[in-house]
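Inside the fold
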Amino acid sequence: MIEPYYQSDRVTLYHGDCLAILPTLEDGSVDAVVTDPPYGINTKSDGMGKLNPWADLCNSAMWYAAWIRESRRVAGALWSCLNWRSLVTFQKASCDVGWPIESLMVWHKDWIGPGGTRGLRPSYELVAFWSNGRTIADRGLSDVQTFKWCGHKPNGHPAEKPVGLMQFCADAVQASVVLDPFTGSGTTGVACIKTGRRFIGIEIDEKYCEIAARRIQKAEAEAMEQLCDSNTSPTTTGETRCH
Ligand SMILES: C[S@@+](CC[C@H](N)C(=O)[O-])C[C@H]1O[C@@H](n2cnc3c(N)ncnc32)[C@H](O)[C@@H]1O
């Protein structure tokens with residue numbers, strides 16, 4: 001059994017490679033995977049950093065297919081952040097796994113990024129959805145959603161996402177148990193704690209694992225405080241008691 005890095009009533013956070021830890025989770029043991037993997041990884045076709053774009057994409061798709069296959073085994077649904085550059089890799093990986101993308105959501109950031117010197121300035125990213133039995137209950141939900149974001153990284157992770165975006169994904173499939181195999185600074189975990197869900201996280205970089213553990217612990221303390229406030233009543237001596 002792998003020892004968790006952080007554990008509480010609602011949270012289990014592992015430090016390690018998700019390709020090693022995912023196989024230890026039982027079939028169908030979570031409602032949804034809500035995640036945000038690195039957008040370009042294992043892409044060096046000749047191992048020297050000289051890129052052959054199509055070979056790189058296929059190499060990358062093998063790695064994506066490995067964790068997408070595991071997500072399908074353990075979860076009723078998968079949401080994954082991506083961008084237009086990695087979309088083709090995701091499509092190839094999904095075809096290889098035999099699990100088609102059901103919807104592609106545009107996350108409108110309500111903010112315009114700096115971009116390069118030649119193209120348009122970016123203001124959106126994408127979130128793909130795969131269903132493995134769990135579906136989106138609210139038939140009124142559109143595939144364009146706005147969650148305000150900006151270049152500021154409040155918890156020190158360069159790819160941090162808004163809590164509201166990750167919460168939207170869990171809400172949409174009414175998930176009670178959520179897994180994020182690429183936890184980063186713990187945004188999905190915080191979204192889960194705020195909404196009374198159970199969370200399983202995996203993060204390979206110890207620095208981010210530590211940030212995630214502290215962030216999630218803080219969110220748990222705040223949730224407990226709120227619960228206490230709503231259950232607090234004055235006693236006969238005038239003090240307040242949480243019950
Ligand atoms: C895009 S970031 C996630 C950011 C996160 N959504 C947040 O808001 O902070 C992807 C994370 O996956 C981690 N990662 C990369 N490869 C991994 C692997 N094989 N297993 C587990 N984590 C991995 C990276 O260290 C990185 O922190």
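The structure we're discussing is the one just above.
As a starting point, this report considers the structure included with it. Just so it is clear, the model here is predicted, and its values are computed rather than measured. (Residues numbered from 1 in each chain as written. Predicted model: local features only at pLDDT ≥ 70, side-chain atom pairs only at ≥ 80, totals over all residues.)

Time to look at the overall build of the chain. Within the chain, the secondary structure is distributed over six helices and 11 strands. For 243 residues, the compact-globule estimate of 2.2 N^0.38 gives 18 Å, and the chain sits close to it at 19 Å. C-alpha atoms of the chain, sized along the principal axes, occupy 75 × 45 × 40 Å. Buried residues in the chain amount to 35% of all 243 residues. Residue pairs in contact within the chain that sit at least 24 positions apart in sequence constitute 68% of those at least 6 positions apart. (Helix = DSSP H or I, 4+ residues; strand = E, 2+ residues; numbered from the N terminus. Rg over C-alpha atoms; globule rule 2.2 N^0.38 Å. Buried ≥ 20, exposed ≤ 12 C-beta atoms within 10 Å, placed from the backbone. Contact = placed C-beta atoms within 7 Å.)

Moving on to the pairing of strand β5 (residues 103-108). Note: β5 against strand β6 (residues 124-131), six bridges, orientation antiparallel. Within β6, the residue paired with Leu104 across the bridge is Ala128. Pairing of β5 with strand β7 (residues 144-146) involves three bridges; the strand directions are parallel. Note on β7: the bridge partner recorded for Trp107 is Gln145. (Pairing = 2+ DSSP bridges.)

As a matter of local geometry, the ligand sits amid 20 residues, with Ala159, Phe182, Gly184, Ser185 and Thr187 nearest to it. At the level of secondary structure, the elements contributing two or more residues to the shell around the ligand comprise α1 (18-21) and β9 (198-203). In terms of residue class, the shell around the ligand is built from 10 nonpolar, four polar and six charged. (Near = placed C-beta within 6 Å. Nonpolar A, V, L, I, M, F, W, Y, C, P; charged D, E, K, R; others polar.)

Grouped together as the largest cluster of nonpolar side chains are 56 residues, with contacts concentrated most on Ala32, Ala170 and Val178. Setting aside anything within four residues of it in sequence, one finds Val178 in contact with Val30, Asp31, Ala32, Val34, Ala170, Thr188, Cys192, Arg197 and Phe199. (Core = buried A, V, L, I, M, F, W, Y, C linked by C-beta atoms within 7 Å.)

So, about the packing of helix α2 (residues 53-74) against helix α3 (residues 87-97). At their nearest, the axes of α2 and α3 sit 8 Å apart, and the two run at 55° to each other. If you check the angle between α2 and α3, you find them oblique. α2 and α3 meet at a crossing whose hand is right-handed. On α3, the residues touching Leu57, Cys58, Ser60, Ala61, Tyr64, Ala65, Ile68, Arg69 and Arg72 of α2 are Val88, Thr89, Phe90, Lys92, Ala93, Ser94, Asp96 and Val97. Considered class by class, the residues forming the contact of α2 with α3 number 10 nonpolar, three polar and four charged. (Axes fitted to C-alpha atoms, helices over the stretch in contact; angles between N-to-C directions. Parallel < 35°, antiparallel > 145°, perpendicular 65-115°, else oblique. Left-handed = near helix turned anticlockwise from the far one by under 90°.)

Hydrogen bonding along the main chain pairs the strands of a sheet, whether they run parallel or antiparallel. Here we have nine strands laid out as an open sheet, ordered β1-β2-β9-β8-β3-β4-β6-β5-β7, and mixed in their pairing. Since the sheet does not close on itself, it has two edges, and those belong to β1 (6-7) and β7, each with one partner. Contacts between helix α5 (residues 187-194) and the sheet are confined to β2 (11-15), β3 (32-35), β8 (177-180) and β9, with β9 contributing the most and set at about 170° to the helix.

Looking now at the environment of Pro37. Assignment of secondary structure puts Pro37 in the loop between β3 and α2. A tally of 21 C-beta atoms within 10 Å means that Pro37 is categorised as buried. Sequence spacing of Pro37 and Tyr64 is 27 residues, and the spatial spacing of their C-alpha atoms is 8.8 Å. Beyond its immediate sequence surroundings of up to four residues, Pro37 is in contact with Ser80 and Phe182.

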